[in-house]
Amino acid sequence: MPFVGASARTVETEIRVPVLLPYRLPHVYDYAASPDLGLRPGDYVRVPLGRREAIGVVWDGNAAGGASGADRTGKRPIRLKPVAERLETPAMPAELRAFVEWVAGYTMSAPGLVLRMTMSAPEALRPVMPAMGLRRAADKPHGRLTAKRQRVLDCLEKSGNLPLARKALAKQAGVGEAVLRGLLETGLLEATPMAEAAASAPFGKAKAVTLSSAQQAAAEALEADLDRNAFAVSLLDGVTGSGKTEVYFEALDHAVRQGKQVLVLLPEIALSAQWLERFEERFGQRPAVWHSGLGRATRRHTFRQVAEGKASVVVGARSALFLPFPKLGFLVVDEEHDPSYKQEDGVIYQARDMAIVRAKLGKLPIVLASATPSIETLRNATGGRYRRLHLPDRHAGADLPSVRLIDLRRDPPPRGHWLSPILQNAIRETLEKGEQAMLFLNRRGYAPLTLCRRCGYRFQCPACTAWLIAHKQAGRLLCHHCGYSEPMPATCPACGVEDTLVACGPGVERLKEEAAALFPQARTAVMTSDTAANPAAAAAIVRRMQEGEIDLLIGTQIMAKGHHFPALTLVGVVDADLGLAGGDLRAGEHCYQMLHQLAGRAGREARPGAAYLQTHLPEMPVMQALARGERDAFLEAEARGREAEGMPPFGRLAALILSGTEAAAVERYARLLSRVAPAGGGVHVLGPAPAPLAMLRGRHRFRLLVKAASGVPIQRILHRWLDPSPPPAGVKLQIDIDPYSFL
């Protein structure tokens, strides 16, 4: 049925339609449309907006009142602007429209901003004219041809006279553009549209794999959920190397054979090389991929394939949640515990939690997979809200790595070095056996701080409250928060003296220097977001490790996620305490997860593995739990501590981040909000206080933290508090429901 708006316009041949636009707008706008357009909720339309035009989505009839032409106030109706065009693209599914509204309400964001995330490939909303190719004209007689012209016709004959792109045809025939132009002028060739790139081929028979009894039971449980076509959340909890991916691959295959679409979320899509290889080996083809690093043409093609139901499987970053799947039937969140699923800019949301919401709205099963589940997920599993599928053993009988703590107070590195003698010896023995080793330090660059040893000057970012990081290979000082950079100077900017600048502390580049001096025969490589900035670069490093071209891999946290290196038997953590800094309520949990995942890279096949953790705090519960392999006991103790403090998941938090270019204006607004803050009813407001990163990208920042008891409708309370006191001009207010970062 065509959409019928709330009321008709004075011209009876037109109807009113609400349209949601992808801007910071709190409501729909009303437009007039001819019934001949046959508009329905979900249709993409082109509409006038001020002096320009915009693309929006026809929204549902129960949406909030329109801003243009609304007569709901009882005043005389304003003449509505007409819808200019209905775009020829599949309508946005009802489940996605409901998801947009839910996310907007939960995160307290403008619905238009959430809608924008569903339209991240605007070029895909219009059919693109197919590229033109050349083919031989039918039954066109010709006389004697030159050798070059004959080669062109021969190439087309070999292709079955399918149209070929001009450049491709010229290259294949070894001729220039003038030859093709001459054949077109004589009528021997004709230009014709080329077919658009085909969708992924239908799945063939998947490669058979041998599953353990625990894997088989888990796969069958997931397949049963798919057969029921009902919402269900399963935690796939298995030790590193237990074959969790193979389990959900079984269910994925089952879903695709039922005609459903599948979405797999990965925390770091740039590191998906091995995952994609495993998928291709199992299914004989690659899935569609979605992330922000794709080119425009690829994004357009993938978006259309998803919207038309032709992309059976999509693997993507958190933004893939907002793609317009018409037949979504199965969702997987791999490494569900990973903090990368938290979106910190724009609309602030936790992709794992929003994926569960999308599954519930679509009435479909979802799997959360992890070797170190988050406390939130474990609580839901033990409380019966999620089903727990447990894989207790490594695949093919491999043993878990041993974990040894190196007390840096007793066994420190030599002065000016960062590897203790114990770790040096372990690396040397590993390399002598022809095995691979990995060193982890979660600091990019050469050194975290550069200062002048004569006057004490420290290099700080001019736009952030952060030290500049020395990148020796690039010869620059960089800010890892805003991207500011400057050349490494030869003299101190403060005192002007040469050769007084010193690097303080290690980064991975400095660690590589030390490793090269200690192990000169070892082939080393660095893996960070600088050296593996895209999937191709990451895949190249992974391939070199797999093929034994690297002996010692040095890098940051991106090494910890999902990689399988058969010859890797030793993992060394240079500064295991680094993740415990910063005052984050999840610091202990995240530190455990990171180091456990890192240790799990070692000894994944026949050869046993070991992990060495250098620490100044070996007595800390997180370090003792890692050494003893007591994951559940540690997470249970962490949960008890949070419960005693009323912290998530046993209470609720919301952060207010205020920022502006004038510090005084930001502070005034922060103190105003503090004076009118809610009190009582299980709600406490802490602050205001300058943020730990008091300046970021040139903006001064203050924070308030709202703490509430579990079950308190925190969004409703925030609306009552904040709506009467909007930020003044020049001050920005961001709301972070369920904050992860406290910087």
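Here the structure is a predicted model, which is why all the values come from computation and not from measurement. (Residues numbered from 1 in each chain as written. Predicted model: local features only at pLDDT ≥ 70, side-chain atom pairs only at ≥ 80, totals over all residues. Heavy atoms only, no water.)

Undergrad: Got a minute to help me understand the packing of helix 15 (residues 587-599) against helix 16 (residues 621-628) in this structure?
TA: Think of two packed helices as two axes; the pair is described by the angle between the axes and how far apart they sit. Between helix 15 and helix 16, the shortest axis-to-axis distance is 10 Å and the interhelical angle comes to 30°. Classed by the angle they form, the pair helix 15 and helix 16 counts as roughly parallel. The interaxial crossing formed by helix 15 with helix 16 has right-handed handedness. Contacts between helix 15 and helix 16 pair G588, C591, Y592, L595 and H596 from the former with V622, M623, A625 and L626 from the latter. When the residues that make up the contact of helix 15 with helix 16 are grouped by side-chain class, the tally is seven nonpolar, two polar and no charged. (Axes fitted to C-alpha atoms, helices over the stretch in contact; angles between N-to-C directions. Helix = DSSP H or I, 4+ residues; strand = E, 2+ residues; numbered from the N terminus. Parallel < 35°, antiparallel > 145°, perpendicular 65-115°, else oblique. Left-handed = near helix turned anticlockwise from the far one by under 90°. Contact = heavy atoms within 4.5 Å. Nonpolar A, V, L, I, M, F, W, Y, C, P; charged D, E, K, R; others polar.)

Undergrad: Would you take a moment to explain the pattern of salt bridges for this structure?
TA: Any two side chains of opposite charge can pair if their charged atoms end up close together. Here the structure, examined in full by the defined rule, presents 37 salt bridges. One salt bridge in this structure joins D225 and R228, with 2.3 Å as the shortest N-O distance. Of the two residues, D225 and R228 are both situated in helix 6 (residues 213-228); the distance of three residues between them amounts to about one turn of the helix. Overall, R228 belongs to the exposed group, its relative accessible area being 51%. Across the pair R642 and E376 runs a salt bridge whose closest N-O atoms are separated by 3.7 Å. Of the two residues, R642 sits in helix 17 (residues 631-645) while E376 sits in helix 11 (residues 375-382), which places them 266 residues apart along the sequence. Pair check on accessibility: R642 and E376 agree, each one buried. Where salt bridges share partners, they join D237, R388, R631 and D632 into one cluster. (Salt bridge = Lys/Arg side-chain N within 4 Å of Asp/Glu carboxyl O. Buried < 20%, exposed > 50% of the residue type's maximum accessible area, 1.4 Å probe, protein only.)

Undergrad: Please explain the sheet that holds strand 9 (residues 261-265) as it appears in this structure.
TA: As a general point, the strands of a sheet are linked pairwise by backbone hydrogen bonds and lie either parallel or antiparallel. The strand order across the open sheet built from seven strands is 10-11-9-12-15-8-16, with neighbouring strands paired in parallel fashion. One side of each edge strand has no neighbouring strand; the edge strands of this open sheet are strand 10 (288-290) and strand 16 (387-391). Along the sheet, successive strands turn relative to each other by an average axial angle of 20°, direction set aside. For strand 8 (residues 232-238) and strand 16, the ladder comprises five bridges, and the chain directions are parallel. Paired with D237 across the strands is H390, a residue of strand 16. Contacting strand 8, strand 9, strand 11 (313-316), strand 12 (328-334), strand 15 (365-370) and strand 16, helix 7 (residues 244-257) runs over the sheet at an angle of about 170° to strand 12. Sheet strands in contact with helix 8 (residues 273-283) are strand 9, strand 10, strand 11 and strand 12, and its direction is about 165° off that of strand 11. (Pairing = 2+ DSSP bridges.)

Undergrad: What exactly am I supposed to notice about the packing of aromatic side chains here?
TA: Think of a pair of aromatic rings as described by two things: how far the centres are apart, and how the planes are tilted against each other in angle. On inspection of all chains with the given rule, the structure shows 11 aromatic pairs. Seen in terms of ring centroids, F99 and F322 are 5.2 Å apart; in terms of plane orientation they differ by 40°. Their pairing is tilted. Of this pair, F99 sits in helix 1 (residues 94-107) while F322 sits in the loop between strand 11 and strand 12, and the two are 223 residues apart along the sequence. A residue is classified by how much of its surface remains accessible, and F322, at 1% relative accessible area, is buried. Relative to F279, the ring of W275 lies with its centre 5.4 Å away and its plane at 20°, an arrangement referred to as stacked. Note that W275 and F279 are positioned in helix 8 at a spacing of four residues, about one turn of the helix. Here W275 matches F279 in class, with each residue buried. These aromatic residues form a ring-pair network of at least three members: Y248, F249, W275, F279 and F283. Sitting above the plane of the Y23 ring, R52 keeps its charged end 5.1 Å from the centroid. (Phe/Tyr/Trp six-rings, centres within 6.5 Å; stacked < 30°, edge-to-face > 60°. Lys NZ or Arg CZ within 6 Å of the ring centre and 35° of its normal.)

Undergrad: What is the right way to read the environment of I55 from this model?
TA: Mapped onto the elements, I55 comes out in strand 4 (residues 52-58). Residues I55 and V497 lie 442 residues apart in sequence; the distance between their C-alpha atoms is 59 Å.

Undergrad: When you look at the sheet that holds strand 30 (residues 699-709) in this model, what are you seeing that I'm missing?
TA: Read across the sheet, four strands follow the order 29-30-28-31 without closing on themselves; strand pairing throughout is antiparallel. Strands with a single pairing partner mark the edges of an open sheet, and in this sheet they are strand 29 (683-696) and strand 31 (731-737). Going across the sheet, the axis of each strand differs from the next one's by a mean of 20°, ignoring polarity. Pairing between strand 28 (residues 651-660) and strand 30: 10 bridges, direction antiparallel. The partner of G651 across the bridge, within strand 30, is A709. Where helix 19 (residues 714-722) meets the sheet, it contacts strand 28, strand 29, strand 30 and strand 31, and its direction lies at approximately 35° from that of strand 28.

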